[in-house]
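Read off the chains here:
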Amino acid sequence: QVHVAESGGGLVQPGGSLRLSCGWGGLPLDNYAIGWFRQAPGKGREGNSCVSKSEGVTYSGDSMKGRFTMSRDAGKNMVYLQMNSLKPEGTAVYYCALKWDIKDVICPGVVESYSTWGRGTKVTVSS
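Everything quoted here is computed from the prediction, not taken from an experiment. Each chain carries its own residue numbering, running from 1 in the written order of its sequence. Predicted model: local features are reported for residues with pLDDT of at least 70 only, side-chain atom pairs are reported and counted for 80 or more only, and whole-chain, interface and lining totals are derived from all residues. Heavy atoms throughout the structure, all of them, feed into the side-chain values; hydrogens and water do not.

1. Section: the packing of aromatic side chains
Here is the rule: rings of Phe, Tyr and Trp (six-membered ring for Trp) pair when centre to centre is within 6.5 Å. Planes less than 30 degrees apart are stacked, more than 60 are edge-to-face, and the remainder are tilted. Applying the stated criterion across every chain, the model contains five aromatic pairs. Between Y95 and W117 the ring centres are 6.1 Å apart and the planes differ by 80 degrees, which places this aromatic pair in the edge-to-face class. Linking Y95 in strand β9 (residues 92-100) with W117 in strand β10 (residues 116-117), this pair joins segments that are 22 residues apart in sequence. For Y95, a relative accessible area of 12% puts it in the buried group. Type-normalised accessible area, obtained with a 1.4 Å probe on protein chains alone, sets the label of each residue: buried when under 20%, exposed when over 50%, and partly exposed for intermediate values. Overall, the relative accessible area of 22% leaves W117 in the partly exposed class. An aromatic cluster is built from F37, Y95, Y114 and W117, whose rings are joined through pairwise contacts. Sitting above the plane of the Y95 ring, R45 keeps its charged end 3.9 Å from the centroid. The ring of W117 carries R45 above its face, with NZ or CZ at 4.6 Å from the centroid. Strands are runs of DSSP state E lasting at least 2 residues, helices are runs of H or I lasting at least 4, and numbering of each runs from the N terminus. The rule for a charge over a ring is simple: NZ of Lys or CZ of Arg within 6 Å of the ring centre, and within 35 degrees of the ring normal.

Rendered as structure tokens:
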């Protein structure tokens, strides 16, 4: 069965940095995409970045290139989200999610297109 799990959240001061990690397994198809999302209190879930076999890393929503950077481990089922210069509005639960299809998968796509989600890792940016 497909599974995904993220980790690395915690409490950080404004301007600080965190690196989130996400691993997965059990994908039934080779065509997939994996994305990072966040959900702040009282707000909907929004995408930050995504990578697929057919595309490089794509940033979306309010993601900021150079401040949030997604990367992939070529030899493992692992992706990362390096978050630098964190702001209080970055406080949220961050999720890693997967989607797959027979055809090539497009990044980032709508939130509901992602089939399997991790449990989330909480990031709190506060003094």
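Okay, back to it.
2. Details of the side chain of T116
If you trace the backbone, T116 turns up in strand β10. T116 has contacts with V2, V4, C96, A97, L98 and W100, leaving out every residue within four places of it along the chain. Working rule for contacts: check all heavy atoms of both residues, and any pair within 4.5 Å makes them a contact.

Purely geometric numbers; function is a separate question.
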